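Remarks on the overall topology
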Amino acid sequence: MKKKEIYTDAAAQSFFKLSPRIQIKNPVMFVVYLGAVLTTILYFLGFFGIQDGARWYTFVIALLLWFTVLFANFAEAIAEGRGRAQAGSLRGARKDVSARKLQDPENHDLYTEVLSNELKKNDVVLVKMREQIPMDGEVITGAASVDESAITGESAPVIRESGGDRSAVTGGTTLVSDWLVIRITAEAGESFLDKMIAMVEGAARKKTPNEIALQILLVTLTIIFLAVSATLIPFTEFSSKLAGKGEAISLTNVIALLVCLAPTTIGALLSSIGIAGMSRLNEANVLAMSGRAIEAAGDVDVLLLDKTGTITLGNRRASEFLPVEDVSERELADAAQLSSLAD
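Rules behind the numbers
- Residues numbered from 1 in each chain as written.
- Predicted model: local features only at pLDDT ≥ 70, side-chain atom pairs only at ≥ 80, totals over all residues.
- Heavy atoms only, no water.
- Phe/Tyr/Trp six-rings, centres within 6.5 Å; stacked < 30°, edge-to-face > 60°.
- Buried < 20%, exposed > 50% of the residue type's maximum accessible area, 1.4 Å probe, protein only.
- Helix = DSSP H or I, 4+ residues; strand = E, 2+ residues; numbered from the N terminus.
- Lys NZ or Arg CZ within 6 Å of the ring centre and 35° of its normal.
- Contact = heavy atoms within 4.5 Å.
- Salt bridge = Lys/Arg side-chain N within 4 Å of Asp/Glu carboxyl O.
- Axes fitted to C-alpha atoms, helices over the stretch in contact; angles between N-to-C directions.
- Nonpolar A, V, L, I, M, F, W, Y, C, P; charged D, E, K, R; others polar.
- Pairing = 2+ DSSP bridges.

1. A word on the packing of aromatic side chains
Tallied over the full model, the rule gives seven aromatic pairs. Seen from their ring centres, Tyr43 and Phe44 are 5.3 Å apart, and the 70° between their planes marks the pair as edge-to-face. You can call Phe44 partly exposed: its relative accessible area is 48%. With a centroid separation of 5.3 Å and an interplanar angle of 45°, the aromatic rings of Tyr43 and Phe59 are classed as tilted. You can see Tyr43 sitting in helix α3 (residues 27–45) and its partner Phe59 sitting in helix α4 (residues 55–93), a full 16 residues away along the chain. For Phe59, a relative accessible area of 39% translates into the label partly exposed. Three or more aromatic residues link up through ring pairs in this structure, and these residues are Tyr43, Phe44, Phe47 and Phe59. Sitting over the ring of Phe47, Arg55 keeps its end group 4.7 Å from the ring centre.

As structure tokens, then:
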């Protein structure tokens, strides 16, 4: 999903999130939402002679309040859109490719062309060079180099062969050499790639203790400001009658004052900041399942990854070549070098 598509989708989601069921999840912005609704009603009542203030003034206040609510929705929708884009890129790696389903693992010429989503557990397929492995499985015959960069991010191909601990292959990876006979070990929709997509889409953004404490503070302040604002109308009405001049403050002004007093900016961006943190980690191929994990990642100063071939070179050195009869030492050295090109 491109940036332009993310912004377009976020703009549409901003209006979809105007539903009261969604707005009530954020108490601070829900107060602004109610204020926008009330000022809009007051503006239209002005056409019927019920004046709370100048119509143009009420219209401007209502417009600003709706803009505030939509901005909060837009910020959250952009953060969510990045997460959906990550899941979309994973779906792009999962394609329904054509697979050669063998009737006999020993006979490679007798096969049936089927789609990868039609494969069942324990089916046997033949995959050749430059073809995509259709489903998670185990190599039962052959040895080949497999490009797993789409799944693991590792750019160098890895060797997969029958037997041992290098026989497992992942659907969505590509053979870059030779061929493999693979026994399918996962049903459709239960592959490693499917589980990754489900984790990205279903990662619950649980609130951290700090975020919960801040949310409680914001709600408490909003309630206090709401109580203070509610007393302004009867107090100003009493004061105007006592002084014999003036009039009570308008409801539009009370709503505008409440929104100015309430911590709307923090309330609007609180949820989007957490979601943005999760999406930024997703871009680095790290899946954060909660906001607490994001805070833990923020405290990390140094990260060490001990993986042969990434930090350590893993170069092998030969101290001596012992050729068999009729083979020169140079020929043996050349053959050894060629056999090591893949890794």
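Resuming the write-up.
2. Quick word on the side chain of Thr39
Among the structural elements, Thr39 can be located in helix α3. A relative accessible area of 0% places Thr39 in the buried class. Thr39 has contacts with Thr58, Ile61, Ala62, Leu65, Thr252 and Ile255, leaving out every residue within four places of it along the chain.

3. With respect to the pattern of salt bridges
Evaluated as defined, the whole model comprises three salt bridges. As a salt-bridge pair, Glu131 and Arg100 come within 2.7 Å of each other at their nearest N and O atoms. Here the residue Glu131 occupies a position in the loop between β3 (124–128) and β4 (137–141), and Arg100 occupies one in strand β1 (residues 98–104), the gap between them amounting to 31 residues. For Arg100, a relative accessible area of 15% translates into the label buried.

4. Digging into the packing of α3 against helix α7 (residues 209–230)
At a closest axis distance of 9 Å, the pairing of α3 and α7 adopts a crossing angle of 35°. Seen from α3, the contacting residues are Pro27, Val28 and Val31; seen from α7, they are Gln215, Leu218, Val219 and Thr222. Class assignment of the residues belonging to the contact of α3 with α7 gives a composition of five nonpolar, two polar and no charged.

5. A short note on the pairing of β1
Relative to strand β2 (residues 107–115), β1 runs antiparallel, the two sharing six bridges. Bridge assignment links Arg100 to a residue of β2, and that residue is Glu113. Between β1 and β2, which pair antiparallel in sequence order, lie two residues. Relative to β3, β1 runs antiparallel, the two being bridged by two bridges. By the bridge assignment for β3, Arg100 is matched with Leu126.

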